Amino acid sequence: MNGETAHCPLPTDDSISICSLIGVLDDGPAGLTAETIDRIHNARRVIGGTRVLALCESLIHPEAERLDLTGHTAQVADWVASALDAGQPVVVLASGDPLCFGIGGLLARRLPAARLSVRPALSTLQLACARFRLPWGEARWLSVHHRDSGDWTPGSEPGHALYALVQTLARPGSHTLFGVLTSPANDPSRLARLLLTEGLDADYELRIAERLLQPDERLVSEIPIAALATQRFAEPNLVLLSRRPESSAHDPVMGLPDTAYSQRRPDKGLITKREVRAAALALLELRPTDRVWDIGAGSGSVGLEAARLCAEGHVWAIEKNTADLELIETNRRRLRVTNYSLRAGLAPTDCADWPAPDAIFVGGSGGQLDTIIAHVLARLRPGGRLVLALVALENLARTLAVLDAQGAHWELTQIQAARSQPILNLHRLQAENPVWLVQV
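All of the points below concern the structure found in this document. (Residues numbered from 1 in each chain as written. Predicted model: local features only at pLDDT ≥ 70, side-chain atom pairs only at ≥ 80, totals over all residues. Heavy atoms only, no water.)

On to the overall build of the chain, then. When you go through the chain residue by residue, the secondary structure sums to 13 helices and 19 strands. A compact globule built from 440 residues would reach a C-alpha radius of gyration of about 22 Å, whereas the chain, at 29 Å, exceeds it by more than 25%. Taken along its principal axes, the extent of the C-alpha atoms in the chain is 95 × 50 × 35 Å. Taking all contacts inside the chain whose residues are at least 6 apart in sequence as the whole, residues at least 24 apart take part in 71%. Carbon and sulfur atoms make up 53% of the accessible area of the chain, which amounts to about 20,800 Å² in all. (Helix = DSSP H or I, 4+ residues; strand = E, 2+ residues; numbered from the N terminus. Rg over C-alpha atoms; globule rule 2.2 N^0.38 Å. Contact = heavy atoms within 4.5 Å. Areas by Shrake-Rupley, 256 points an atom, 1.4 Å probe, with all protein chains shown as cover.)

Shown next, in the form of structure tokens:
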């Protein structure tokens with residue numbers, strides 16, 4: 001817009017009853033149409049974040065009320081409604097496309113459709129893709145513009161601000177490009193450290209767009225992720241992550257061979273064998289969003305495969321033998337499982353603070369079988385499932401007696417598997433130890 005804005009009296013027509021939600025990029029008025037500029041100038045109430053209000057200050061009528069939504073997002077719909085009820089033209093200014101992780105979603109839910117008009121700008125994610133010449137038709141858009149939970153650490157629970165991002169990046173899928181809206185706390189260097197922490201750095205190429213449409217705009221690419229992890233970046237910025245083609249291969253979701261897991265030696269290994277593991281997971285009847293407990297994790301095999309099956313859920317595991325914790329962590333990283341929290345301790349005392357689960361697997365009791373059964377039955381959510389794996393006759397008898405005393409309905413399955421073994425130029429079957437699975 002050239003020259004000074006002519007300031008004319010504000011309209012007083014009470015028939016004006018539509019909120020204009022206008023997207024603004026960092027070039028401010030230069031990227032707006034004449035019609036949009038008129039809507040801003042004619043508004044009696046203009047709502048926006050600090051930076052966007054400053055960008056558009058020259059367009060706002062001197063007598064218009066300015067409301068800064070920074071830190072007051074929940075109040076915006078009420079501010080809009082009160083202006084509309086008073087017959088005042090109202091404009092909400094937002095960054096880029098307000099319906100792409102912006103205020104638009106909240107206003108669309110809170111205001112009648114007839115009272116909201118959306119005039120989006122390009123999303124900065126689209127603009128960044130254009131700068132890097134990346135087709136984005138099948139991209140996945142994400143936002144980490146949340147609270148500061150600190151750097152990502154393995155085993156972080158769903159409340160962490162980066163949790164959803166980690167699960168998306170670690171999960172094999174059809175998406176090969178991810179656009180991430182960052183924040184001052186969750187910046188590109190923190191995302192680079194996240195990739196390094198979970199061993200995903202070889203799977204992705206990371207690009208950064210800084211201060212788009214500003215004179216000091218900068219594009220960052222073809223730099224190793226380890227180098228980006230220690231750098232600082234100018235605000236605002238965003239990240240584009242391209243999944244490398246060779247990273248698309250992955251193991252089956254469940255029923256992995258025992259050799260896929262590191263195990264404690266010199267014995268065969270503290271592991272729920274493949275045949276028993278598959279049957280136990282089937283009896284748990286897991287759903288994608290389930291919260292799962294794994295008590296007596298051993299090598300982690302059941303809990304880790306449960307986490308892969310519950311891609312939108314989470315697994316909490318506990319193991320009393322501290323020597324096994326490193327093995328479990330090795331297996332977790334190898335399988336690229338990120339929705340899994342491991343704790344050293346003894347159930348039920350050391351897992352009393354876990355959230356109520358949808359499913360529980362008990363692979364070891366540490367001599368606390370009675371108290372574990374009573375605790376888990378009390379904590380299971382309605383419709384929850386419990387499966388116990390037992391190899392000792394005494395533990396089986398004790399388990400059934402405790403369940404009967406608790407008034408629980410149970411079903412018993414014995415798994416007796418035999419595996420082929422070569423003998424000279426022939427083969428024989430070698431029996432594995434029988435295991436009882438108790439489903440409640």
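One finds Leu286, Tyr340 and Leu437 to be the most contacted residues of the largest nonpolar core, which totals 31 residues. Of all elements in the fold, only helix H9 (274-284), helix H10 (301-309), strand S12 (314-319), helix H11 (323-335), strand S14 (359-362), strand S15 (385-390) and strand S19 (435-439) reach the threshold of two or more residues within this core. Ranked by residue count, the leading element in this core is H9, at six residues. The residues contacting leucine 437, other than those within four sequence positions of it, are Val276, Ala279, Ala280, Leu283, Val387, Leu388, Ala389, Glu411, Leu412, Thr413 and Ile415. (Core = buried A, V, L, I, M, F, W, Y, C linked by side-chain atoms within 4.5 Å. Buried < 20%, exposed > 50% of the residue type's maximum accessible area, 1.4 Å probe, protein only.)

Okay, the side chain of threonine 399 next. Structurally, threonine 399 can be placed in helix H13 (residues 393-406). Using a relative accessible area of 0% as the deciding quantity, one classes threonine 399 as buried. For threonine 399, the side chain forms a polar contact with the main-chain oxygen of asparagine 395, separated by 2.8 Å. Once residues lying within four places of it in the same chain are set aside, the contact partners of threonine 399 are Leu369, Ile373, Leu388, Leu390 and Val438. (Polar contact = N/O pair within 3.5 Å; in protein donor to acceptor, adjacent residues only side chain to side chain.)

Take the packing of aromatic side chains next. Evaluation of the coordinates by the stated rule reveals four aromatic pairs. An angle of 70 degrees between the planes, with centres 5.3 Å apart, marks the rings of tryptophan 293 and tryptophan 354 as edge-to-face. Taken as a pair, tryptophan 293 in strand S11 (residues 291-295) and tryptophan 354 in the loop between strand S13 (340-344) and S14 lie far apart in primary sequence, 61 residues in all. Taken individually, tryptophan 293 and tryptophan 354 each receive the classification buried, so the pair is uniform in this respect. For arginine 207, the ring lying beneath its charged end belongs to phenylalanine 132, and the centroid distance is 6.0 Å. (Phe/Tyr/Trp six-rings, centres within 6.5 Å; stacked < 30°, edge-to-face > 60°. Lys NZ or Arg CZ within 6 Å of the ring centre and 35° of its normal.)

Moving on, we get to the pairing of strand S10 (residues 237-243). Burial of S10 is extensive: seven of the seven residues sit out of reach of the surface. Neither face of S10 is left uncovered, since the one carrying Asn237, Val239, Leu241 and Arg243 and the one carrying Leu238, Leu240 and Ser242 both have all their residues buried. Here strand S7 (residues 177-181) pairs with S10 via five bridges, running antiparallel. Among the inter-strand pairings, valine 180 is bridged to a residue of S10, identified as valine 239. When strand S8 (residues 204-210) meets S10, the two strands line up antiparallel, connected through seven bridges. Bridge assignment links leucine 206 to a residue of S10, and that residue is leucine 241. (Pairing = 2+ DSSP bridges.)

Take the environment of glycine 363 next. Tracing the backbone through its elements, the reader meets glycine 363 in the loop between S14 and helix H12 (369-379). Taking the C-alpha atoms as reference points, glycine 363 and glycine 255, 108 residues apart in sequence, are found 16 Å from one another.

The next subject is the pattern of salt bridges. Scanning the entire structure with this criterion turns up 28 salt bridges. Among the ionic pairs, aspartate 358 bridges to arginine 381, the shortest N-O distance being 3.2 Å. You can see aspartate 358 sitting in the loop between S13 and S14 and its partner arginine 381 sitting in the loop between H12 and S15, a full 23 residues away along the chain. A single salt-bridge network, built from bridges that share partners, covers Asp258, Glu275, Arg277, Glu305, Arg419 and Glu432. (Salt bridge = Lys/Arg side-chain N within 4 Å of Asp/Glu carboxyl O.)

With that out of the way, let us pick up the packing of H12 against H13. Running from amino to carboxyl end, H12 crosses H13 at an angle of 40 degrees, the nearest separation of the two axes being 10 Å. Taken as axis vectors, H12 and H13 run oblique relative to one another. Here H12 runs over H13; the crossing is right-handed. Each of Leu369, Asp370, Ile373, Ala374 and Leu377 in H12 lies in contact with H13, whose residues at this interface are Asn395, Arg398, Thr399, Val402, Leu403 and Gln406. (Axes fitted to C-alpha atoms, helices over the stretch in contact; angles between N-to-C directions. Parallel < 35°, antiparallel > 145°, perpendicular 65-115°, else oblique. Left-handed = near helix turned anticlockwise from the far one by under 90°.)

This part covers the layout of surface pockets. Counted as a void, the largest pocket has a volume near 1,200 Å³. Contributing to the lining of the largest pocket are 41 residues, with Arg51, Ser95, Phe101, His145 and Thr182 lying nearest its centre. Considering only residue class, the lining of the largest pocket consists of 19 nonpolar, 16 polar and six charged. Along its surface, the second largest pocket is lined by 43 residues, and Leu270, Ile271, Thr272, Gly363 and Val391 are the ones closest to its centre. Those elements that provide at least two residues to the lining of the second largest pocket are H9, S11, H10, S12, S14, H12 and S15. Of the residues contributing to the lining of the second largest pocket, the split by class is 21 nonpolar, 15 polar and seven charged. (1 Å grid on protein atoms, 1.4 Å probe; cavity = no way out; pocket = protein on both sides within 12 Å on 5 of 7 lines; lining within 4 Å. Points joined across faces, edges and corners; volume = space filled by probe spheres on them. Nonpolar A, V, L, I, M, F, W, Y, C, P; charged D, E, K, R; others polar.)

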